[in-house]
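Structural overview
Chain by chain, the residues:
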Amino acid sequence: MDKIRPIEIFCGTGGVGKTTIASSRAIHLAKNQNVLLITIDPSKRLKQVLKLSDATPGEVVECDFENTKFDVLLMDPLSTLRKISEKQNIDIDNANYLLPLLFKPFGGMNEIMSLVELYLLKEDSIYDVIILDTPPGKHFLDFLNTARSINNFFDSSFPEIFKAIKGNNKKKGLFSKIVSSGIGKLMKYLEFVTGPDFTENFIDSIIVIYSLKDVFLNSLAVEKELNNPDTTHYYLVTSADQTKIKEADQLSNSALKEQNRNGTLVINKICSQFLQDWTPHNDQLFDLRNNLLERENLIKQLLSDAFDDVLEFPEILSNDPSVHVTKLLNNW
């Protein structure tokens, strides 16, 4: 294995064991390092894998896995918003009903707030290694493109509009002040379709978000670390399945290669050891064994050529996720 970086990111399509692999990595490093494991995946499978029944989304909790301790955070966008608003003395707890809807885990703010959360954690500098379990597939691309999303939102064409909104205390006169702008026309149409109450709540939400502009923009500093191979290492997790390999190949080409990110290929659920130890007494079963071995080797070769580092993890024959984590530990 290469040197340990301060940030390790696990990505991959759904159903390949990414969260389990990331958990085993965290436990492995936690034997000698101060480690935080974050799941950005809204499905919160990490909670099941590590049996964190009492874990509250948005709060760092200590996990003790077979006498190895490390911290875990189940990403929650609204909790991160609350953290940064408290730093700016902005009260969002008594805000309108739209903010919780905008910052739901399955909403579009999940990846953006994950970058902000990472920025806050890096500011505290209490961890040797932060491991991120990212959302599956294309949502990982959303995470990588977060910086672009933040820049686009706070683009130079927006400030004057938001200043007009923020500086206006009389909601009823708001639209007359920004009617000359394209967004003003959109807002008038929004008011017509949804009613003034919804529109006012929408404006209040935008005011809160824009009031935190500096925190969002400061978090872009983390992107430099994510693009630096000396500070961040990427693990592309896939499984020894033809469909998953094709999906992983697409993800690799669209994310890691195009953005010049170095990484390690992790092939999970390898069955070679079982197949090689299997000696069928039936010719048809013997042909099946050889065909399965040949297919697995072809699958591994398809992606392996594109990576300097390749790790193989065996199929674990158990329905208990914690058993998977324990057995996978031996492969690091």
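In case you missed it, the structure is sitting above this.
Source: prediction; values computed, not measured.

Between helix H1 (residues 18–30) and helix H17 (residues 321–328), whose axes approach to 9 Å, the crossing angle comes to 55°. Classified by the angle their axes make, H1 and H17 are oblique. For the pair H1 and H17, the sense of crossing is right-handed. Contact residues: H1 offers Thr20, Ile21, Ser23, Ser24 and Ile27, while H17 offers Pro321, His324, Val325 and Leu328. The class makeup of the residues in the contact of H1 with H17 is five nonpolar, four polar and no charged.

Moving on: the pattern of salt bridges. One pass over the full model with this rule turns up six salt bridges. A salt bridge links Asp230 to Lys3, with the shortest nitrogen-to-oxygen separation between them at 3.6 Å. Here Asp230 is found in the loop between helix H13 (221–226) and strand E6 (232–239), whereas its partner Lys3 is found in the segment before strand E1 (7–12), with 227 residues between them in sequence. For Lys3, a relative accessible area of 47% corresponds to the partly exposed category.

Summed over the entire model, instances satisfying the criterion amount to four aromatic pairs. These aromatic residues form a ring-pair network of at least three members: Phe10, Tyr235, Phe313 and Trp332. Between the NZ or CZ atom of Arg25 and the centre of the ring of Trp332, over which it lies, the distance is 4.8 Å.

Formed by 39 residues in total, the largest nonpolar core has its most connected members in Leu81, Ile84, Met113, Phe216 and Leu226. Per-element tally for this core: the top contributor is helix H5 (residues 110–124), with eight residues. With residues up to four places along the chain from it excluded, the contact list for Leu81 reads Ile92, Leu99, Phe103, Met113 and Leu212. By size, the runner-up hydrophobic cluster in this structure holds 33 residues, among which are Val16, Ala30, Val237 and Leu311.

Tracing the chain through its elements places Asn34 in the loop between H1 and strand E2 (35–39). Residues Asn34 and Ile130, 96 residues apart in the sequence, show an inter-C-alpha distance of 8.8 Å. When near neighbours in sequence (up to four residues on either side) are disregarded, Asn34 contacts Ile126, Tyr127, Asp128 and Val129.

About the thresholds
- Residues numbered from 1 in each chain as written.
- Predicted model: local features only at pLDDT ≥ 70, side-chain atom pairs only at ≥ 80, totals over all residues.
- Heavy atoms only, no water.
- Axes fitted to C-alpha atoms, helices over the stretch in contact; angles between N-to-C directions.
- Helix = DSSP H or I, 4+ residues; strand = E, 2+ residues; numbered from the N terminus.
- Parallel < 35°, antiparallel > 145°, perpendicular 65-115°, else oblique.
- Left-handed = near helix turned anticlockwise from the far one by under 90°.
- Contact = heavy atoms within 4.5 Å.
- Nonpolar A, V, L, I, M, F, W, Y, C, P; charged D, E, K, R; others polar.
- Salt bridge = Lys/Arg side-chain N within 4 Å of Asp/Glu carboxyl O.
- Buried < 20%, exposed > 50% of the residue type's maximum accessible area, 1.4 Å probe, protein only.
- Phe/Tyr/Trp six-rings, centres within 6.5 Å; stacked < 30°, edge-to-face > 60°.
- Lys NZ or Arg CZ within 6 Å of the ring centre and 35° of its normal.
- Core = buried A, V, L, I, M, F, W, Y, C linked by side-chain atoms within 4.5 Å.

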